[in-house]
Amino acid sequence: MDQDWSADLQRIDGGSRALLREQSLWAIWVYRFGRRVDHRPDGFRKKMLTRWYWFLHRAVETLTGIGLPKASKIGGGLRIWHFGGIFVHPEVVMGDNCTLRQGVTLGDKGNGTGAPVVGNNVDFGSGAHVIGPVRIGNDVKVGALAVVVNDVPDGSTVVGNPARIVMRATTI
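Reading guide: rules and limits
- Residues numbered from 1 in each chain as written.
- Predicted model: local features only at pLDDT ≥ 70, side-chain atom pairs only at ≥ 80, totals over all residues.
- Heavy atoms only, no water.
- Helix = DSSP H or I, 4+ residues; strand = E, 2+ residues; numbered from the N terminus.
- Rg over C-alpha atoms; globule rule 2.2 N^0.38 Å.
- Buried < 20%, exposed > 50% of the residue type's maximum accessible area, 1.4 Å probe, protein only.
- Contact = heavy atoms within 4.5 Å.
- Areas by Shrake-Rupley, 256 points an atom, 1.4 Å probe, with all protein chains shown as cover.
- Lys, Arg positive; Asp, Glu negative; His and termini not counted.
- Charge placed at Lys NZ, Arg CZ, Asp CG, Glu CD.
- Phe/Tyr/Trp six-rings, centres within 6.5 Å; stacked < 30°, edge-to-face > 60°.
- Salt bridge = Lys/Arg side-chain N within 4 Å of Asp/Glu carboxyl O.

A few words on the overall build of the chain. Check the secondary structure of the chain and you find 3 helices and 15 strands. Relative to the globule expectation of 16 Å for 172 residues, the C-alpha radius of gyration of the chain, 16 Å, shows essentially globular dimensions. For the chain, the C-alpha atoms occupy an extent of roughly 50 × 40 × 30 Å along the three principal directions. Within the chain, the fraction of its 172 residues that count as buried is 45%. Look at the contacts in the chain between residues 6 or more apart in sequence, and 28% of them connect residues 24 or more apart. If you sum the accessible surface of the chain, you get close to 9100 Å²; carbon and sulfur atoms cover 55% of it. Of the charged side chains in the chain, 21 are positive and 15 negative, and the gap between their average positions amounts to 4 Å.

Okay, here's the thing in structure tokens:
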């Protein structure tokens, strides 16, 4: 069993039975499947599984509005609430236990300058956009409709357009 997929299911009430009612899990499962296929040895079987992956990816992306390309690196425990309009750039790196809501975009500026790197336990509000080679620290909350174009330190909460830090974790 894929450990990242197991971590994804642990964040969902109902475990694997949730596949029937959580459309976001379809996209996450197809993403995890594509990553597993990429780690297979070259050959006919990998070639056929890759074709199957691309068919599933396009079908699920069309049905759910969630684009999770297998080239992105996403840690275990991904949770997507309220599917739809979620797009992740292929170069995105995302840590464990992150949460995405509808309308979230993690992408580049369209000029090839790079994509976001996201830490662990990051929570993205509805409609949040993180654009460009931005680093988001661990334990960060990105508010709804925030547009993040600068790095965000660990433990911060950011809101607004452009996003600004409204709260930082206190250190003892």
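The final tally for this structure, using the stated rule, is 3 aromatic pairs. On the numbers, 5.2 Å between centres and 10° between planes, the contact of W29 with F33 is stacked. With W29 and F33 both in helix α2 (residues 23-38) and 4 residues apart, the pair spans about one turn of that helix. Residue F33 is classed as buried on the basis of its relative accessible area, which comes to 11%. Between W52 and F55 the ring centres are 5.5 Å apart and the planes differ by 20°, which places this aromatic pair in the stacked class. In this pair, W52 and F55 are both assigned in helix α3 (residues 44-64), 3 residues apart and thus about one turn of the helix distant.

As enumerated under the stated definition, the model contains 8 salt bridges in all. The salt bridge partner of D38 is K70, with a shortest N-O separation of 2.7 Å. Placement of the pair is D38 in helix α2 and K70 in the loop between β1 (66-67) and β2 (73-74), with a sequence separation of 32 residues. Residue classification places K70 among the buried residues on the basis of a relative accessible area of 10%.

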